[in-house]
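Residue-level structure breakdown
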Amino acid sequence: MTFLAVNLLLMLTWAAVSGSFTLHNLLLGLAVGALSLWLVREQFAAARHRVNLVKLLVLTAVFFKELSLSAIKVALLVIRPNMQLRPGIFAFPLTLTRDFEITLLANLITLTPGTLSVDVSDDRKTLYVHALDCHDPAAEKRAISTGFERRIREAFPL
Amino acid sequence: MSAAAILSSSIYFALAMLSLGLLLTVLRILRGPTLPDRVLALDMLVAIAIGLIAVLAIKSGFNLYIDIAIALSLVGFLATVAFARFVLARGLSPEKDSGAGRPLPTAQKTKHGKPARRNKKGVR
Amino acid sequence: MTDDPDMLTAVAVSALLVIGSLFSVLAALGLLRFPDLYTRMHAASKAGTIGSGLLLLAAGIHAMDIAILLRALAGFAFFVLTAPLSAHLLAKAAHQAGYRLTNLSVTDQLPQPQPKSRPH
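Residues numbered from 1 in each chain as written. Chains lettered and ligands numbered in written order. Predicted model: local features only at pLDDT ≥ 70, side-chain atom pairs only at ≥ 80, totals over all residues. Heavy atoms only, no water.

We now examine the overall build of chain B. For chain B, the count of helices and strands is five helices and zero strands. Taking all 124 residues of chain B together, the buried fraction comes to 43%. For chain B, the share of sequence-separated contacts (at least 6 apart) that also reach a separation of at least 24 residues comes to 58%. Summed over its atoms, the accessible surface of chain B is roughly 6,200 Å², and 70% of this surface lies on carbon and sulfur atoms. (Helix = DSSP H or I, 4+ residues; strand = E, 2+ residues; numbered from the N terminus. Buried < 20%, exposed > 50% of the residue type's maximum accessible area, 1.4 Å probe, protein only. Contact = heavy atoms within 4.5 Å. Areas by Shrake-Rupley, 256 points an atom, 1.4 Å probe, with all protein chains shown as cover.)

The following block contains the structure:
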């Protein structure tokens, strides 16, 4: 059922992107969508979870806000005559458990101000984050766990 | 000022800025000093090229250029992933051949502390 | 004069072009000025992504065609999704291979694997 819905969504996206809603093009989109879903069928079957759509939209909005803020921050830092950098890698204890949540968090961290995720420990309990300004790792950790981590947990309730 | 004039002047501004960006990135590729630095600069080069293609799409009016930019971003991503695997497989490289663009020894202490330290550890 | 729709798109496209290209050139400058690989990655993955993304968006708006705009947005989304991935992969690979952080760094809590001795 979910498979069919995602396939239809992919078909509509294909039709919109290629700019024609003719029957042939829709059928082609359906076929290509089915093929690509078949390719990722194992991951897709494993990734069944509830989604809170409103919270997901909030997460997306917050993400784009943070992305533009971080780009501006890095750009301003670059043109400053003397960059006062105190970079470092700190360990962030993960409370998220599922792989896709960790992936999402790592990606969000990379695109937000001053932080960049480097590695995940093998037991998936620690995320190593590189920060441009690492003089106060505790504050950074708090910002992540009350910011993105909480929002991801709300968007994908267990 | 007419719409066309504003557009064309900002197009030329963007082209100039992107060319400057390409030059700076090429400088980083030449200076290195390490392999991952060069890989990162190549990644950046692809990103700027995508922007350049988008500006050319506006300048020439060929919207097909946008598809080319998307294809290029796909290829650039795959290239970076492959390079990352290569960095991992090759390990720490001795960087013997990158002497040309090296910063001066005095600069190494303050600004480019990394090369000095790595040389001391020396893998060879 | 400014109510002219052509004028409005021209101004919007121009603004996106100027801001996007400025972000791109600042990312390139950051690549040159930051002291080590990991800090350079910040410049490339954030400012670089936004720069190219805004330029793609400008091209999409300029075309005045919903299909082209959607295509440009798809390109932007793809770019935003892949840029952190490649930065993350490269940072992980470089750290595992043994490339160290700059001396300015205050802390490195990521355990460093013992460097393997290389055959001559």
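The structure having been displayed, the exposition proceeds.
This part is about the pairing of strand β3 (residues 126–131) of chain A. Residue and element names in this part refer to chain A. Extensive coverage of β3 is indicated by the burial of six of its six residues. On β3, burial covers both faces: T126, Y128 and H130 on one face and L127, V129 and A131 on the other are all buried. As paired elements, strand β1 (residues 88–93) and β3 share six bridges and run antiparallel to each other. Note on β3: the bridge partner recorded for G88 is A131. Where strand β2 (residues 115–120) meets β3, five bridges bridge the pair, whose relative direction is antiparallel. Bridged to D119 within β3 is Y128. Counting the residues that bridge the hairpin from β2 to β3 gives five residues, and of these R124 lies at a positive phi of roughly 60°. (Pairing = 2+ DSSP bridges.)

Applying the stated criterion to the full structure yields three aromatic pairs over all chains. For the ring pair F64 of chain A and F76 of chain C, a centre distance of 6.5 Å and an interplane angle of 50° mean the geometry is tilted. Taken together, the residues span two chains, with F64 of chain A in helix α4 (residues 53–79) and F76 of chain C in helix α3 (residues 66–97). A centroid spacing of 6.4 Å and a plane angle of 70° characterise the contact between F62 of chain B and Y65 of chain B, whose relative ring orientation is edge-to-face. Here F62 of chain B falls in the exposed class, since its relative accessible area comes to 54%. Ring pairing ties together the aromatic residues F63 and F64 of chain A together with F76 of chain C, which thus form one cluster. (Phe/Tyr/Trp six-rings, centres within 6.5 Å; stacked < 30°, edge-to-face > 60°.)

So, on to the side chain of S14 of chain C. Here S14 of chain C lies in helix α1 (residues 5–33). On the basis of relative accessibility, which here comes to 5%, the residue S14 of chain C falls in the buried class. From its side chain, S14 of chain C meets the backbone oxygen of A10 of chain C in a polar contact 2.6 Å long. Leave out the neighbours within four places in its chain, and S14 of chain C touches I6, L7 and S10 of chain B. (Polar contact = N/O pair within 3.5 Å; in protein donor to acceptor, adjacent residues only side chain to side chain.)

Right, let's talk about the interface of chain A and chain C for a bit. Counting residues at the interface gives 43 residues for chain A and 40 residues for chain C. In total, chain A and chain C occlude about 3,400 Å² of area from one another, counting both sides; carbon and sulfur atoms represent 73% of this. Remark: the boundary between chain A and chain C carries one salt bridge. Taking the shortest distance from any N to any O, the salt bridge between K92 of chain C and D119 of chain A comes out at 3.0 Å. The interface formed by chain A and chain C contains seven residue pairs in polar contact (both at pLDDT 80 or more). (Buried area = accessible area lost by both parts, 1.4 Å probe. Salt bridge = Lys/Arg side-chain N within 4 Å of Asp/Glu carboxyl O.)

We now examine the interface of chain C and chain B. Chain C puts 57 residues into the contact, and the matching count from chain B is 65 residues. Surface buried jointly by chain C and chain B totals about 5,300 Å² across both partners, of which 73% is contributed by carbon and sulfur atoms. Across the contact surface, chain C and chain B share two salt bridges. Between D67 of chain B and R71 of chain C there is a salt bridge, with its nearest N and O atoms 2.9 Å apart. Linking chain C with chain B are six residue pairs in polar contact (both at pLDDT 80 or more). When residues of the side of chain C that touches chain B are traced back to their parent elements, those giving at least two are α1, α2 (37–62) and α3 of chain C. The leading source of residues in the side of chain C that touches chain B is α1 of chain C, at 18 residues.

A few words now on the confidence of the model for chain C. Residue and element names in this part refer to chain C. Summary statistics for chain C give a mean pLDDT of 80 and a share of 80% for residues scoring 70 or more. No element of chain C has a lower mean pLDDT than strand β1 (residues 107–108), which averages 66, and none a higher one than α1, which averages 87. Scored below 50 in pLDDT, residues 115–120 makes six contacts in the model with residues more than four places away or belonging to other chains. (pLDDT = per-residue confidence, 0-100.)

What follows concerns the pattern of salt bridges. In a structure, side chains of opposite charge can pair up when their charged atoms sit close to one another. In this structure the tally under the stated criterion is three salt bridges over all chains. Note that R40 of chain C is salt-bridged to D37 of chain B, the shortest N-O span being 2.4 Å. Residue R40 of chain C is located in helix α2, and its partner D37 of chain B is located in helix α2 (residues 35–60); the two belong to separate chains. For D37 of chain B, a relative accessible area of 2% corresponds to the buried category.

Okay, the packing of α4 of chain A against helix α6 (residues 137–155) of chain A next. Residues and elements named next belong to chain A. Contact geometry for α4 and α6: axes closest at 8 Å, N-to-C directions at 155°. Viewed along their axes, α4 and α6 adopt a mutual orientation that is roughly antiparallel. In the crossing of α4 with α6, the sense of the turn from one axis to the other is left-handed. Contacts between α4 and α6 pair K55, L56, V58, L59, V62, F63 and E66 from the former with F148, R151, I152, E154 and A155 from the latter. Looking at the contact of α4 with α6 residue by residue, the class counts come to eight nonpolar, no polar and four charged. (Axes fitted to C-alpha atoms, helices over the stretch in contact; angles between N-to-C directions. Parallel < 35°, antiparallel > 145°, perpendicular 65-115°, else oblique. Left-handed = near helix turned anticlockwise from the far one by under 90°. Nonpolar A, V, L, I, M, F, W, Y, C, P; charged D, E, K, R; others polar.)

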